[in-house]
Amino acid sequence: MQLTFYGVRGSIPTPGRDYVRYGGNTACVHLSLADGTDIILDAGTGIRELGNLLIKKQTPIHLLLSHNHWDHIQGFPFFAPIYQPNREINITPGMTTMPEFDQILQQMQGSVFPVPASALTSQISIKPIPESIDSWQIGGATITRLAMNHPGKGSAYTIEADGAKVAYITDNELYPPYKKETDFLTFVEFARDADVIIHDAQYMLSDMPAKSGWGHSVAEEAVKLAMASNAKQLALYSHDPERTDDDIDAVVAHCNEYTAIAESSVSVFAAAEGQSLKFN
Ligand SMILES: [Zn+2]
């Protein structure tokens, strides 16, 4: 399995010279399995560039959405395979409070976007997974799902394939001030022994309490989750739009102090656009 980050930014795209190293596109991660299966996690603006790669193929595309906040669906109208005749695109919507499963298509209508979803020639199917089902297969991958702590809620996923496990947990507030969907220890079991946990780390302790309840985690909390889960790597994700490249470097350095003090072997890094991880 190869994992590539196409968008790592939370909330809103951040072009500009201070954001070049980590990138300014919003959430999108591509998983390429050994059997040729393509799984995409979220459809933020990063999915546009991924589309230029995938349009060279004809095989089905599987898109797992965490939720419908704009930064997780706004790239979809610019995802080239949706204009590819008969290209099969299967979408799993997130478990959001309001069950607006087709919101990713609804954004393409009226005065908002010139091409209505009804005019697309690809074969797009949106298949909600019943809440009673926790695990299912996509190609050679086993997918599991857990409810996130986030305004409007949503889904976290694990993807196990080719002997590797990826946990994708964004946007998630590990310690929210509101009634939580999932507690910390349940996330620990969910992500247990992952090769990499991609976790929301939008904030630092210095951002609190002002941003408590906004649905994102403090970086140190993500480190705690990775250590408790016995994960090999932690990718800090959903970088705050106000955080420059140098700021993100400082977040990573701060997190590495935590792992050093704990004598933990987990490798912590900040996800960067274009960065790939290869497993096995
Ligand atoms: Zn969100």
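My aim in this report is to walk through the structure given alongside it, one point at a time. (Residues numbered from 1 in each chain as written. Predicted model: local features only at pLDDT ≥ 70, side-chain atom pairs only at ≥ 80, totals over all residues. Heavy atoms only, no water.)

1. Here we look at the coordination of the zinc ion
Keep this limit in mind: Shown as donors are all N, O and S atoms within 2.8 Å of a metal ion, widened to 3.2 Å for Na, K and Ca; because water is not in the atom set, sites may appear incomplete. Working rule for geometry: tetrahedral if four donors all subtend angles between 85 and 135 degrees; square planar for four, octahedral for six, if opposite donors exceed 155 degrees and the others stay between 65 and 115; irregular in every other situation. The secondary structure listing takes helices from DSSP runs of H or I that are at least 4 residues long and strands from runs of E that are at least 2 residues long, numbered from the N terminus. The classification of residues rests on relative accessible area computed with a 1.4 Å probe and restricted to protein chains. Under 20% of the type maximum is buried, over 50% is exposed, and intermediate values are partly exposed.
The protein atoms that coordinate the zinc ion are His-67 (NE2), His-69 (ND1), His-150 (NE2) and Asp-171 (OD), at distances of 2.1 to 2.7 Å. For the zinc ion, the 4 donor atoms in the first shell make angles of 91 to 165° at the metal, so the coordination geometry reads as irregular. In the primary sequence, the donor residues of the zinc ion line up as H-x1-H-x80-H-x20-D. On the criterion of sequence distance, the pair formed by His-67 in the loop between β4 (61–64) and β5 (88–92) and Asp-171 in the loop between β10 (164–169) and α3 (184–190) is long-range, its members being 104 residues apart. Take Asp-171: its relative accessible area is 2%, and that puts it in the buried class.

2. Regarding the environment of Ile-91
The following threshold applies: Between two residues, a contact is recorded if the distance between any of their heavy atoms is within 4.5 Å.
Residue placement: Ile-91 occurs in strand β5. Residue classification places Ile-91 among the buried positions, given a relative accessible area of 1%. Apart from residues no more than four positions distant in its own chain, Ile-91 is found in contact with Leu-63, Leu-65, Phe-76, Ile-104, Ile-124, Ser-125, Ile-126 and Lys-127.

3. Concerning the pattern of salt bridges
To be explicit about the condition: Think of a salt bridge as a Lys or Arg side-chain nitrogen and an Asp or Glu carboxyl oxygen that are within 4 Å of each other.
Within the structure shown, the criterion is met by 7 salt bridges. Arg-21 serves as the salt-bridge partner of Asp-249, at 2.8 Å between the closest nitrogen and oxygen. Here the residue Asp-249 occupies a position in helix α5 (residues 245–261), and Arg-21 occupies one in the loop between β1 (2–7) and β2 (28–32), the gap between them amounting to 228 residues. The partner of Asp-38 in a salt bridge is Lys-57, with the nearest N and O atoms 2.6 Å apart. With Asp-38 in strand β3 (residues 38–41) and Lys-57 in the loop between α1 (47–54) and β4, this residue pair connects regions lying 19 residues apart in the sequence. For Asp-38, a relative accessible area of 2% gives the class buried. Owing to a relative accessible area of 28%, Lys-57 belongs among the partly exposed residues under this scheme.

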